Amino acid sequence: MTQERKEEDTVAYTVENGIAWVSFNRPEKRNCMSPKLNRQKMRVLDTLEFDDSVGVLVLAGEGDAWSAGMDLKEYFRETEVLGLGRTRRAQSEAYGWWRRLRWYQKPTIAMVNGWCFGGAYGPLHACDLAFAAEDAQFRLSEINWGILPGGGATKVATNLLSMRNAMYHTMMGENIDGKMAAEWGLVNEAVSADALRGRVIEVANVLLQKNPVALKAAKDAVKRVAEMTYDNAEDYLIRAQEAANSFDNDGRKEGIKQFIDDKTYKPRLGAYDRSRQND
Ligand code: COA
């Protein structure tokens, strides 16, 4: 594509069988994140967040990249010459949609099909789960062009990796492949490129069976309690449970009923039958 992409074409999405497939859509630029793409991501997240036809959101990349990180030309060079105000605005547009994704209403899955560099660690970390192709390539490349991994990337490394691996990855600026990323805990699993979409659909379909109020409460709880003392976490979880009950009392009661009274299902085998909730 020689012509510059319009802002609305920098992100592609479709909704199929409860799954929203949202893709970085600048394959000719290896899906690096420009201010236009960042603005469009926020619009798409907005559109899908409370759409009842969406139960799970998958973040993918068009072409052979997931995302080559921040756009070195449009996000850094061309923005910085416009001064501090424009630089801060571009940062808040990028960090804004990653933050939105970190606390998204629906479960989110990163499907890393190829290059995942630098700033792309922001949305990678924002997704609840991450699956990669074995030959996908991950790199904190910043050190190679003379900056520290900013935009949250260093925090992502220390959140997800051991201190030794975070330090090595940050200082060396080397690629690791999907297999190593799974061993290090940067993603949940790596599978062959051919199997990647199928595996993501399998996981999404399991999530689609769960109670959505409980899923949102549970995923937020994992992120919140990670930073709390045990006693604070215990207290938070009591309140979070009570708040979730007030949104979805019927679902919880139905689950208990199917187990205790009807004896039609066992929690250890999967989710209760949500279609019977209003019987
Ligand atoms: N910012 C701006 N442009 C980028 C980019 C980025 N982060 N990553 C890729 N591009 C552009 C290239 O400039 C090139 O544009 P052109 O066709 O107009 O010349 C196009 O995307 C294709 O890139 P190319 O390097 O030819 O693709 P490749 O498949 O050989 O390599 C990468 C892919 C991702 C390994 C390589 O592009 C790269 O190292 N990109 C920089 C990644 C990076 O350091 N990101 C950290 C930013 S925080």
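In this text the structure is predicted, and so the values were computed from the model without any measurement.

A. Focus on helix α5 (residues 153-160). What α5 keeps buried is the set Ala153, Val156 and Ala157. Projection of α5 onto a plane perpendicular to its axis shows the buried side chains occupying an angular sector of 100°, all on one side. Looking at the buried positions of α5, the neighbouring elements they touch are α4 (121-126) and α6 (163-172).

B. Representation of the site of the ligand within the structure. Lining the immediate surroundings of the ligand are 14 residues, of which Lys29, Arg30, Ala68, Leu72 and Ser141 lie closest. Within the side chain of Arg30, an N or O atom sits 2.8 Å from an oxygen atom of the ligand. Between the ligand and Leu72 there is a distance of 2.8 Å, counted from a nitrogen atom to a backbone nitrogen or oxygen. When the ligand sits alone it has 870 Å² of accessible area, and the protein chains cover 61% of it.

C. Layout of the packing of helix α9 (residues 212-225) against helix α10 (residues 230-247). For the pair α9 and α10, interaxial distance at closest approach is 10 Å and the crossing angle is 165°. Judged by the angle between their axes, α9 and α10 are roughly antiparallel. For the crossing formed where α9 meets α10, the hand is right-handed. Contacts from Val213, Ala217, Asp220, Ala221, Arg224 and Val225 of α9 reach α10 at Ala233, Tyr236, Leu237, Ala244 and Phe247. Each residue belonging to the contact of α9 with α10 can be placed in one class, and the counts come to 9 nonpolar, no polar and 2 charged.

D. Examining the pairing of strand β7 (residues 129-133) more closely. Across the 5 residues that make up β7, a large majority, 4, are buried. Bridge count between β7 and strand β10 (residues 189-191): 3 bridges; the pairing is parallel. Its bridge partner being in β10, Ala133 is matched across the sheet by Val191.

E. Molecular detail of the pattern of salt bridges. Summed over the entire model, instances satisfying the criterion amount to 20 salt bridges. Glu78 serves as the salt-bridge partner of Lys73, at 3.1 Å between the closest nitrogen and oxygen. A salt bridge links Asp235 to Arg239; the nearest nitrogen and oxygen atoms lie 2.8 Å apart. Highlighted residues: Asp235 and Arg239, both in helix α10, separated by 4 residues, approximately one helical turn. Here Asp235 falls in the partly exposed class, since its relative accessible area comes to 38%. One network of salt bridges, with partners in common, ties together Glu7, Arg39, Arg43 and Glu93.

Conventions and cut-offs
Residues numbered from 1 in each chain as written. Predicted model: local features only at pLDDT ≥ 70, side-chain atom pairs only at ≥ 80, totals over all residues. Heavy atoms only, no water. Buried < 20%, exposed > 50% of the residue type's maximum accessible area, 1.4 Å probe, protein only. Helix = DSSP H or I, 4+ residues; strand = E, 2+ residues; numbered from the N terminus. Arc of directions from axis to C-beta. Contact = heavy atoms within 4.5 Å. Near = heavy atom within 4 Å. Polar contact = N/O pair within 3.5 Å; in protein donor to acceptor, adjacent residues only side chain to side chain. Areas by Shrake-Rupley, 256 points an atom, 1.4 Å probe, with all protein chains shown as cover. Axes fitted to C-alpha atoms, helices over the stretch in contact; angles between N-to-C directions. Parallel < 35°, antiparallel > 145°, perpendicular 65-115°, else oblique. Left-handed = near helix turned anticlockwise from the far one by under 90°. Nonpolar A, V, L, I, M, F, W, Y, C, P; charged D, E, K, R; others polar. Pairing = 2+ DSSP bridges. Salt bridge = Lys/Arg side-chain N within 4 Å of Asp/Glu carboxyl O.

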